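# Close look at the chain arrangement
One-letter residues, chain by chain:
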Amino acid sequence: MWMASNQMKFYRIFLISFFVLLFSQFSLAQKTDQTKAVKATPAYAELLLRKAELESDIESFLVSYTEEYPKLKESRYELGLISKDLASLLRQPEASRLTLALGKLLVRKNQLETDLWTVQNKFGKDHPEVKRAQRKAASFQNAIKEILP
């Protein structure tokens, strides 16, 4: 009787482990398929294009300038924003929303947020130029929120 009880426990553990492993493989396959689907979208490609441009600019700036060069700092800041957007696109459950127009909106939003960052560092938060830059960036952020709630 004791042997049968231990065998039942073993089989139960084995079956549970088997189904957990099977489910995790299925889940991983779904995530991989979703990642591939997102990477094939025009929005992802548009962001990737901008990322490549910025990386190229950074490499060329580093040849002639120090890390304190303003354009180098701006390019690095925008590259960080692009990287965040690429990561957020990979988490999107619906790849059909990731159109070229969305990609262009994201690229322009990042450029405007970089301009805002530059103006804030130059003038401070209460300057009229900063307020203007905030309104511009906010309009693009709002448009993106309509597409990606």
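Everything here concerns the structure above.
Residues numbered from 1 in each chain as written. Predicted model: local features only at pLDDT ≥ 70, side-chain atom pairs only at ≥ 80, totals over all residues. Heavy atoms only, no water.

### Some points on the environment of Leu48
Inspection of the secondary structure puts Leu48 in helix α2 (residues 42–64). Between the C-alpha atom of Leu48 and that of Ile82, which follows or precedes it by 34 residues, the distance is 8.2 Å. (Helix = DSSP H or I, 4+ residues; strand = E, 2+ residues; numbered from the N terminus.)

### Notes on the packing of aromatic side chains
The final tally for this structure, using the stated rule, is 4 aromatic pairs. Ring geometry for Phe61 against Tyr65: centres 6.3 Å apart, planes inclined by 65 degrees, an arrangement best described as edge-to-face. Residue classification places Phe61 among the buried residues on the basis of a relative accessible area of 17%. Taken together, a centroid distance of 4.4 Å and an interplanar angle of 5 degrees make the contact between Tyr77 and Trp117 stacked. Taken together, the positions of Tyr77 in helix α3 (residues 70–90) and Trp117 in helix α4 (residues 100–123) put the pair 40 residues apart, joining distant regions of the chain. Note on Tyr77: relative accessible area 29%, which makes it partly exposed. Site record: aromatic cluster; members linked through ring pairs are Phe61, Tyr65 and Tyr69. (Phe/Tyr/Trp six-rings, centres within 6.5 Å; stacked < 30°, edge-to-face > 60°. Buried < 20%, exposed > 50% of the residue type's maximum accessible area, 1.4 Å probe, protein only.)

### Considerations on the environment of Lys73
Checked against the element boundaries, Lys73 lands in helix α3. For the pair Lys73 and Ile58, spaced 15 residues apart in sequence, the C-alpha to C-alpha distance is 8.9 Å. In this structure the side chain of Lys73 is engaged in a polar contact, spanning 3.0 Å, whose partner is the side chain of Glu68. (Polar contact = N/O pair within 3.5 Å; in protein donor to acceptor, adjacent residues only side chain to side chain.)

### Points about the nonpolar core
With 20 residues, the main nonpolar core has Val38, Leu47, Leu89, Leu98, Leu102 and Leu106 as its most contacted residues. If you tally residues by element for this core, the top one is α2, at 6 residues. (Core = buried A, V, L, I, M, F, W, Y, C linked by side-chain atoms within 4.5 Å.)

### Focus on the packing of α2 against α4
Following both chains from N to C, one finds α2 and α4 inclined at 35 degrees, their axes separated by 6 Å at the closest point. By crossing handedness, the relation of α2 to α4 is classed as right-handed. Residue-level contacts link Pro42, Ala43, Glu46, Leu47 and Arg50 of α2 to Leu100, Leu102, Gly103, Lys104, Leu106, Val107, Asn110 and Gln111 of α4. Classifying every residue of the contact of α2 with α4 by side-chain character gives 7 nonpolar, 3 polar and 3 charged. (Axes fitted to C-alpha atoms, helices over the stretch in contact; angles between N-to-C directions. Left-handed = near helix turned anticlockwise from the far one by under 90°. Contact = heavy atoms within 4.5 Å. Nonpolar A, V, L, I, M, F, W, Y, C, P; charged D, E, K, R; others polar.)

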